[in-house]
Amino acid sequence: MRYTLLGNSGLRVSELCLGTITFGDERSFGTPAADARAQLDMFAEAGGNFVDTASNYAKGNSEKVLGEVLPADRDHWVIGTKYTVSARPGDPNAAGNHRKNLVRSLEASLRSLRTDYIDLLWVHAWDDLTPVEEVMRALDDQVRAGKVHYIGISDAPAWVGAYGQAVAQFRGYSPLVALEVPYSLAKRDIERELLPMARAMGLTVCAWEALGAGLLSGKYVSGAVPNGARRMGDQPAERVRLAEAVADVARQAGVSSAQVALSWLRSRGGVIPIVGARTPEQLADNLGCVDVALDEQALARLDEVSAIDLGFPRAFLDAITSLVHGAGVRERIDVPRLFRR
């Protein structure tokens with residue numbers, strides 16, 4: 001596995017991130033502690049060092065499981081966790097983006113993870129109430145206190161990320177380095193505003209639900225779906241076509257559907273797929289995507305079958321390129337990667 005820099009920072013993270021939302025989940029699709037340890041060992045052996053969790057995953061058990069299995073080599077890992085989600089129903093200040101909840105949640109995460117610091121603290125979801133200035137200052141205070149090294153934002157409007165980055169720049173606060181959002185062949189709507197914002201603001205995109213909630217894993221097409229689970233017959237026609245196209249590309253390439261879907265994400269540039277799995281065997285298959293390089297024909301087919309309407313203003317601006325840049329001019333301009341949408 002190779003490494004990349006996280007946003008405009010010097011932090012080296014693996015090209016895949018291990019998602020731990022199922023760690024410690026007692027339901028049938030959860031990952032018991034023994035399997036969690038096996039997954040971490042497998043991920044580390046493959047070269048992975050970037051792990052994603054949150055204060056509320058598996059009712060807080062995800063952090064606790066990680067706290068049990070990581071201490072022997074804590075400094076090897078880049079651990080990202082999140083704050084925002086309610087910890088006590090009915091308590092208005094036990095949830096949200098504000099400073100009080102940030103400090104409360106962070107201290108709880110440090111105890112659960114059995115560590116003195118968090119490598120990457122994410123704002124888990126935007127609450128539409130707390131001023132951006134308060135959030136950025138509160139996050140910066142934790143960086144200056146040494147309890148957090150880097151900060152990121154998840155599940156928020158594009159304007160929040162852009163405004164937060166501007167506040168950080170002009171007030172000398174710690175900048176955002178990453179954006180965590182759902183992104184896959186089955187869900188490309190971040191390409192309208194969030195992805196261009198992330199690239200312009202220097203944020204790495206960490207993609208959750210990278211396999212489209214299982215749609216792109218190949219299990220629905222193969223029929224290997226547990227009793228009672230959703231089947232392809234339950235899916236809209238366009239999603240069926242997408243799953244079948246991914247499976248067909250996989251057959252031609254001699255790899256799994258999951259590897260094709262993750263390889264497509266990796267081809268987007270500046271995107272780190274978050275790979276989560278219930279079992280070590282599923283994780284092993286997902287990790288194999290780093291050895292898969294889809295050819296231009298396969299990528300074009302996947303782009304076409306998963307294409308979305310970009311809407312206004314993106315679709316409108318694309319349609320009037322010749323007016324904005326001059327006829328035939330835009331195609332002859334080399335654009336630095338930072339500004340590519």
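Here goes a summary of the coordinates provided. Treat the numbers as computed from the prediction; the structure is a model and nothing was measured.

## So, a nonpolar patch on the surface
Where nonpolar side chains cluster on the molecular surface, the patch consists of Phe 312, Phe 316 and Leu 317 and spans about 330 Å² of accessible area. Assignment of secondary structure puts Leu 317 in helix 12 (residues 314-319).

## Some points on the sheet that holds strand 9 (residues 204-208)
Taken together, the eight strands give a closed barrel; going around it, the order is 3-4-5-6-7-8-9-10, and neighbouring strands pair in parallel fashion. Across the sheet, the mean angle separating the axes of adjacent strands is 30° when strand polarity is ignored. Alignment of strand 6 (residues 118-123) against strand 7 (residues 148-154), held across five bridges, turns out to be parallel. Bridged to Leu 120 within strand 7 is Tyr 150. Relative to the sheet, helix 4 (residues 132-144) contacts strand 5 (78-83), strand 6, strand 7 and strand 8 (176-182), its axis offset from that of strand 7 by approximately 155°.

## Section: helix 11 (residues 296-306)
Turning to helix 11, its buried residues number three or more, namely Ala 298, Leu 299, Leu 302 and Ser 306. Along helix 11, the residues classed as buried sweep out an arc of 100° about the axis, all on the same side. Residues of helix 11 that are exposed and point more than 90 degrees away from the buried face comprise Glu 296, Gln 297 and Glu 304. Buried residues along helix 11 sit against helix 8 (237-253) and helix 9 (257-266). Its side-chain oxygen 3.2 Å from the backbone nitrogen of Gln 297, Asp 295 forms the N-cap of helix 11.

## Quick word on the state of the cysteines
If you walk through the whole model with that rule in mind, you get zero disulfides. The thiol sulfur of Cys 17 is not disulfide-bonded, and the nearest other cysteine sulfur, from Cys 206, lies at 5.8 Å. Relative accessible area serves as the criterion here: at 1%, Cys 17 is assigned to the buried category.

## Observations regarding the packing of aromatic side chains
Considering all chains together, one arrives at five aromatic pairs under this definition. Between the aromatic rings of Phe 312 and Phe 316, the centroid separation amounts to 5.6 Å while the plane-to-plane angle is 40°, which identifies the pairing as tilted. An aromatic cluster of three or more residues is present, and its members are Trp 126, Trp 159 and Tyr 163. The side chain of Arg 74 reaches across the aromatic face of Tyr 117, ending 4.2 Å from its centre.

## Brief notes about the pattern of salt bridges
Any two side chains of opposite charge can pair, so long as their charged atoms come close to each other. Evaluation of the coordinates by the stated rule reveals 16 salt bridges. Note that Asp 140 and Arg 144 form a salt bridge whose closest N and O atoms lie 2.4 Å from each other. With Asp 140 and Arg 144 both in helix 4 and four residues apart, the pair spans about one turn of that helix. Given the relative accessible area of 3%, Asp 140 is considered buried. Close ionic contact of Asp 248 with Arg 251 constitutes a salt bridge, the shortest N to O distance being 3.6 Å. Highlighted residues: Asp 248 and Arg 251, both in helix 8, separated by three residues, approximately one helical turn.

## Re the packing of helix 5 (residues 158-171) against helix 6 (residues 194-201)
When two helices pack together, their arrangement is given by the angle between the helix axes and the distance between those axes. Contact geometry for helix 5 and helix 6: axes closest at 9 Å, N-to-C directions at 15°. By the angle between their axes, helix 5 is roughly parallel relative to helix 6. Relative to helix 6, helix 5 is oriented so that their crossing is left-handed. Note on element contacts: helix 6 touches helix 5 through Leu 194, Met 197 and Met 201, opposite Ala 158, Gly 161, Ala 162 and Gln 165.

Conventions adopted
- Residues numbered from 1 in each chain as written.
- Predicted model: local features only at pLDDT ≥ 70, side-chain atom pairs only at ≥ 80, totals over all residues.
- Heavy atoms only, no water.
- Patch = residues over 30% accessible without salt bridge, like charges linked within 9 Å, V, L, I, M, F, W, Y side chains within 5 Å.
- Areas by Shrake-Rupley, 256 points an atom, 1.4 Å probe, with all protein chains shown as cover.
- Salt bridge = Lys/Arg side-chain N within 4 Å of Asp/Glu carboxyl O.
- Helix = DSSP H or I, 4+ residues; strand = E, 2+ residues; numbered from the N terminus.
- Pairing = 2+ DSSP bridges.
- Axes fitted to C-alpha atoms, helices over the stretch in contact; angles between N-to-C directions.
- Contact = heavy atoms within 4.5 Å.
- Buried < 20%, exposed > 50% of the residue type's maximum accessible area, 1.4 Å probe, protein only.
- Arc of directions from axis to C-beta.
- Polar contact = N/O pair within 3.5 Å; in protein donor to acceptor, adjacent residues only side chain to side chain.
- Disulfide = S-S within 2.5 Å.
- Phe/Tyr/Trp six-rings, centres within 6.5 Å; stacked < 30°, edge-to-face > 60°.
- Lys NZ or Arg CZ within 6 Å of the ring centre and 35° of its normal.
- Parallel < 35°, antiparallel > 145°, perpendicular 65-115°, else oblique.
- Left-handed = near helix turned anticlockwise from the far one by under 90°.

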